[in-house]
Amino acid sequence: MSNNDILKKLRVALSLKTEDIITICNLVGFKVTKAELGDIFRNEDHENFKPCGDQILRNFLNGLVIYKRGPRDEKKQ
C-alpha cells in the first residue's frame, strides 16, 4: 500500500475535505497547496499524478494528532 493510498483512505474515513487537510498540515508548520493535494489524489495512470512522499504523510499524521487531540500539554515538573 502506497502513501497515496493511505492518505486517500484516511481522507475518506475521516470525511476530510482538501481544505481540512491543508489546515491539518499547517498545524505542524508544513505548507501544502490545493494543487499538490489534487495531484496526490489522482489515479496513478493520470499524467499529473504525484506520489505522496514520506514527508507529506508524516506531517499530515502529526498534524492529525493535534487536530483530533489538541496541542500537546507541557509536562509539569
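Before reading further, recall that the structure is shown in the block above.
Residues numbered from 1 in each chain as written. Predicted model: local features only at pLDDT ≥ 70, side-chain atom pairs only at ≥ 80, totals over all residues. Heavy atoms only, no water.

Caption draft 1: Region of the structure containing the packing of aromatic side chains. Counted under the stated rule, the structure contains zero aromatic pairs. Looking at arginine 11, its charged tip hangs above the ring of phenylalanine 41, at a distance of 3.9 Å from the centre. (Phe/Tyr/Trp six-rings, centres within 6.5 Å; stacked < 30°, edge-to-face > 60°. Lys NZ or Arg CZ within 6 Å of the ring centre and 35° of its normal.)

Caption draft 2: Spotlight on the pattern of salt bridges. Evaluation of the coordinates by the stated rule reveals three salt bridges. Here glutamate 36 and lysine 50 are joined by a salt bridge, their closest N and O atoms 3.7 Å apart. Taken as a pair, glutamate 36 in helix H3 (residues 34–40) and lysine 50 in the loop between H3 and helix H4 (54–69) lie far apart in primary sequence, 14 residues in all. Between aspartate 39 and arginine 42 there is a salt bridge; the shortest N-O distance is 3.3 Å. For aspartate 39, a relative accessible area of 22% puts it in the partly exposed group. (Salt bridge = Lys/Arg side-chain N within 4 Å of Asp/Glu carboxyl O. Helix = DSSP H or I, 4+ residues; strand = E, 2+ residues; numbered from the N terminus. Buried < 20%, exposed > 50% of the residue type's maximum accessible area, 1.4 Å probe, protein only.)

Caption draft 3: Broad picture of the environment of leucine 57. In this structure, leucine 57 sits in helix H4. Residue classification places leucine 57 among the buried residues on the basis of a relative accessible area of 9%.

Caption draft 4: Representation of the nonpolar core within the structure. By size, the foremost hydrophobic cluster in this structure holds 16 residues, and its most contacted members are Leu7, Ile21, Leu37, Ile40 and Phe60. Ignoring anything within four residues of it in the chain, the contact list for leucine 7 reads Ile40, Phe41, Cys52, Leu57 and Phe60. (Core = buried A, V, L, I, M, F, W, Y, C linked by side-chain atoms within 4.5 Å. Contact = heavy atoms within 4.5 Å.)

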